Amino acid sequence: MSYDPPPPSYPYRPPDSSPSYDAYPWLPQQPPEPPEPAGRRPQRHTALGHHSDLRLLRSAYRWQRRVATLTALGYFVLFLVLSAFAPSFMTSTVTDGLPTGLLLALVQVPVTWLAIVLYEQTARRRVDPIADRIRKQAELDARREGTR
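Worth saying up front: this structure is predicted, and the values here are computed from it rather than measured. (Residues numbered from 1 in each chain as written. Predicted model: local features only at pLDDT ≥ 70, side-chain atom pairs only at ≥ 80, totals over all residues. Heavy atoms only, no water.)

The next thing to look at is the packing of helix α1 (residues 52-85) against helix α4 (residues 108-147). At a minimum axis separation of 9 Å, α1 and α4 run at an interaxial angle of 175°. Considering the angle they form, α1 stands roughly antiparallel to α4. Here the residues of the contact of α1 with α4 sort into 21 nonpolar, four polar and four charged. (Axes fitted to C-alpha atoms, helices over the stretch in contact; angles between N-to-C directions. Helix = DSSP H or I, 4+ residues; strand = E, 2+ residues; numbered from the N terminus. Parallel < 35°, antiparallel > 145°, perpendicular 65-115°, else oblique. Nonpolar A, V, L, I, M, F, W, Y, C, P; charged D, E, K, R; others polar.)

Structural data, given as structure tokens:
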């Protein structure tokens, strides 16, 4: 679930025009943009900054970070809790002379690799397709604006 804060509400409406004085007199003055023709069609979709795909991308990326982080940190916290509260379990031997604690510590490296693999897979499966779709839409929007 994603939470996007509402836009700030102002007690007054900001003016539509810029101030009458030169804010930066050392910069060259840019000519005002010409008004849009009356027969122009409105845009079919909203601007990219307010696009719902960006919200989907944020939530997919958030899910991706949580999976990878909880995989690596979850195992490490489990190892620390067992070390602190179950010393008899951690000192028991699995095979001749190999304590359980050392075995669990050695398994931390493959678990970290697993977290990296999960991060890559979720990026390819969930995040990259949404990012590609947004990128293609932005390119199309730029081409449309360039032809006008």
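On the secondary structure map, Ser-92 appears in the loop between α2 (87-91) and β1 (93-95). You can call Ser-92 partly exposed: its relative accessible area is 29%. Setting aside residues up to four positions removed in sequence, Ser-92 forms contacts with Leu-98, Pro-99 and Thr-100. Here the side chain of Ser-92 touches Phe-89 through a polar contact of 2.7 Å, landing on its backbone oxygen. (Buried < 20%, exposed > 50% of the residue type's maximum accessible area, 1.4 Å probe, protein only. Contact = heavy atoms within 4.5 Å. Polar contact = N/O pair within 3.5 Å; in protein donor to acceptor, adjacent residues only side chain to side chain.)

We now examine the packing of aromatic side chains. Within this structure, the stated rule accounts for zero aromatic pairs. Its end group placed over the ring of Trp-63, Arg-126 keeps NZ or CZ at 4.1 Å from the ring centre. (Phe/Tyr/Trp six-rings, centres within 6.5 Å; stacked < 30°, edge-to-face > 60°. Lys NZ or Arg CZ within 6 Å of the ring centre and 35° of its normal.)

Further remarks concern the pattern of salt bridges. Counted according to the given criterion, the structure contains three salt bridges. Across the salt bridge formed by Arg-135 and Asp-132, the nearest N and O atoms sit 2.7 Å from each other. In this pair, Arg-135 and Asp-132 are both assigned in helix α4, three residues apart and thus about one turn of the helix distant. Under the relative-accessibility criterion, Asp-132 is labelled partly exposed at 35%. The closest approach of N and O atoms between Arg-144 and Asp-141, which form a salt bridge, is 3.3 Å. Pair noted here: Arg-144 and Asp-141 are both in helix α4, with a separation of three residues, about one helical turn. Asp-141 sits in the buried class, given a relative accessible area of 18%. (Salt bridge = Lys/Arg side-chain N within 4 Å of Asp/Glu carboxyl O.)

The next point concerns the side chain of Gln-64. Among the secondary structure elements, Gln-64 is positioned in helix α1. The contact partners of Gln-64, leaving out residues within four places of it in the chain, are Tyr-119, Thr-122, Ala-123 and Val-127.

All right, on to α1 then. Since the α-helix packs 3.6 residues into each turn, any two residues three or four apart lie on the same face. The end-to-end C-alpha separation of α1 is 47 Å, in line with the 50 Å expected for 34 residues at 1.5 Å each. Within α1, the axis deviates most sharply at Leu-70, by approximately 25°. Looking at α1, one finds that the buried residues are Asp-53, Ala-60, Arg-62, Gln-64, Ala-68, Thr-71, Ala-72, Tyr-75 and Phe-79. Residues of α1 that are buried sit in contact with α2, α3 (100-106) and α4. (Expected span 1.5 Å × (residues − 1). Bend = angle between axes of the 7 residues up to and from the residue.)

Before going further, it helps to spend a moment on the UniProt feature "transmembrane region" (unreviewed entry) in the protein. The UniProt record marks residues 67-86 and 98-119 with the feature "transmembrane region" (unreviewed entry), using the residue numbering of this structure. Helix and strand shares over residues 67-86 are 95% and 0% respectively, and the end C-alpha atoms of the span are 27 Å apart. Structurally, residues 98-119 is divided into 86% helix and 9% strand, and its ends, taken at the C-alpha atoms, are 32 Å apart. (UniProt positions renumbered as here; feature names shortened; annotations may be inferred.)

A few words on a nonpolar patch on the surface. Residues Val-77, Val-81 and Phe-85 make up a contiguous nonpolar surface patch of about 320 Å² in total accessible area. Tracing the backbone shows Phe-85 in helix α1. Residue classification places Phe-85 among the exposed positions, given a relative accessible area of 71%. (Patch = residues over 30% accessible without salt bridge, like charges linked within 9 Å, V, L, I, M, F, W, Y side chains within 5 Å. Areas by Shrake-Rupley, 256 points an atom, 1.4 Å probe, with all protein chains shown as cover.)

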